[in-house]
Structure formats: structure tokens, C-alpha cells
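Inside the fold
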Amino acid sequence: MNKELELEQENARKNSEIVIIRLPNRLAKREDLLLTKFSNHQGNPLTKLKDLYSFMDELFSFVHQFTPCKKGCSSCCYYDVSISELEIQYIEGATKIKRSKNPKQSSSFHGTPCPFLKAGVCSIYEYRPFFAVNM
């Protein structure tokens, strides 16, 4: 592992610790109740996903102050992203953009920009998937 990557990982770990310590009580309580809320939610899966996105946007707005990413940064748009079928349906419904009929079958897109990255900006930011980076 190179020194730059080790330093980035150490900074990410420290930032995570700071976020956990400074997380406002109201957000911590909402997070604690999240599973119960969604288990009892009466809406359909797309409605549940929309509500989850709303909570995550609030959480991300707090966490964002501890990340190096700023407006115009698109570094994460070049990593592999895992996306669920439900998230695909949500994006299609919200943006009216339909999925490709011939999706790439490669298991690694690292270095290839997300198809929704337009002029360095996420064109579906409000509806972006939660992602698990596959590195």
C-alpha cells in the first residue's frame, strides 16, 4: 500500500470518529429508530426508499462538513457502484431516464465515469443511489 493511500485512509478514520462524537442527538435518535420506522412503514418500497433518502440527505448534510469533497468534486463518480433494482426504479421514475437496454457486463468500471456525470456534475444528484464502493 502506498503512503498516500495510507494517509487518506487514516484521515478518513479520524473524520469518522469526529462525526460519531459530534453527531447531533436528534440525528442519532432518528438513526436509532430507523429500522423500527421502516419496518412499520405502510408505504410501498419506492415510498420507503424516498423517505430513507430524505433522512440520509439530512445526515449527509451534517457529515459533509467533515469530508474533503466540495461542490465540483467528482472523484467518487469514477468508482464502481452497487445499485439495487429498487434504486434503479426510483431513478427512472424521478428522472424519466430509462436504464440502458444493453448494460455493460463488466464487473469493474473503476476509472470510467458514471453515465450520469455531465460536465463534472451529477445530473441525478437528488436521486443518486446509496453506494457501496467496490474497490
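Refer to the preceding data block for the structure.
In this report, the structure presented in the accompanying data block is examined. Everything quoted here is computed from the prediction, not taken from an experiment.

1. Quick look at the packing of aromatic side chains
In total, this model carries 2 aromatic pairs according to the counting rule given. Each ring, one from Y53 and one from Y90, has its centre 4.9 Å from the other, and the planes form 85 degrees; the classification is edge-to-face. On the criterion of sequence distance, the pair formed by Y53 in helix α3 (residues 45–63) and Y90 in helix α4 (residues 85–95) is long-range, its members being 37 residues apart. Neither Y53 nor Y90 differs from the other in exposure class; each is buried. Between Y90 and Y127, the ring centres sit 5.9 Å apart and the planes meet at 65 degrees, which makes this aromatic pair edge-to-face. With a gap of 37 residues between them, Y90 in helix α4 and Y127 in the segment after β2 (121–122) connect regions that are remote in the sequence. Given the relative accessible area of 11%, Y90 is considered buried. Pairwise contacts between aromatic rings join Y53, Y90 and Y127 into one cluster. The positively charged end of R128 is found above the aromatic ring belonging to Y125, 3.9 Å away from the centroid.

2. What to know about the environment of S74
Tracing the chain through its elements places S74 in the loop between α3 and α4. Residues S74 and V121, 47 residues apart in the sequence, show an inter-C-alpha distance of 7.0 Å. What S74 contacts, discounting residues up to four positions off in sequence, is L117 and G120.

3. A closer look at the pattern of salt bridges
Pairing is possible between side chains that carry opposite charge, provided their charged atoms lie close to one another. Under the defined criterion, the tally for this structure stands at 5 salt bridges. Across the pair R128 and D57 runs a salt bridge, and its minimum N-O distance is 3.5 Å. Taken together, the residues R128 in the segment after β2 and D57 in helix α3 connect sequence positions 71 residues apart. Residue R128 is classed as buried on the basis of its relative accessible area, which comes to 18%.

4. Concerning the side chain of R128
Among the polar contacts made by the side chain of R128, one reaches the side chain of D57 at a distance of 3.5 Å. Apart from residues lying up to four places away in sequence, R128 is in contact with Y53, D57 and F60.

Here is what the cut-offs are and how they apply
- Residues numbered from 1 in each chain as written.
- Predicted model: local features only at pLDDT ≥ 70, side-chain atom pairs only at ≥ 80, totals over all residues.
- Heavy atoms only, no water.
- Phe/Tyr/Trp six-rings, centres within 6.5 Å; stacked < 30°, edge-to-face > 60°.
- Helix = DSSP H or I, 4+ residues; strand = E, 2+ residues; numbered from the N terminus.
- Buried < 20%, exposed > 50% of the residue type's maximum accessible area, 1.4 Å probe, protein only.
- Lys NZ or Arg CZ within 6 Å of the ring centre and 35° of its normal.
- Contact = heavy atoms within 4.5 Å.
- Salt bridge = Lys/Arg side-chain N within 4 Å of Asp/Glu carboxyl O.
- Polar contact = N/O pair within 3.5 Å; in protein donor to acceptor, adjacent residues only side chain to side chain.

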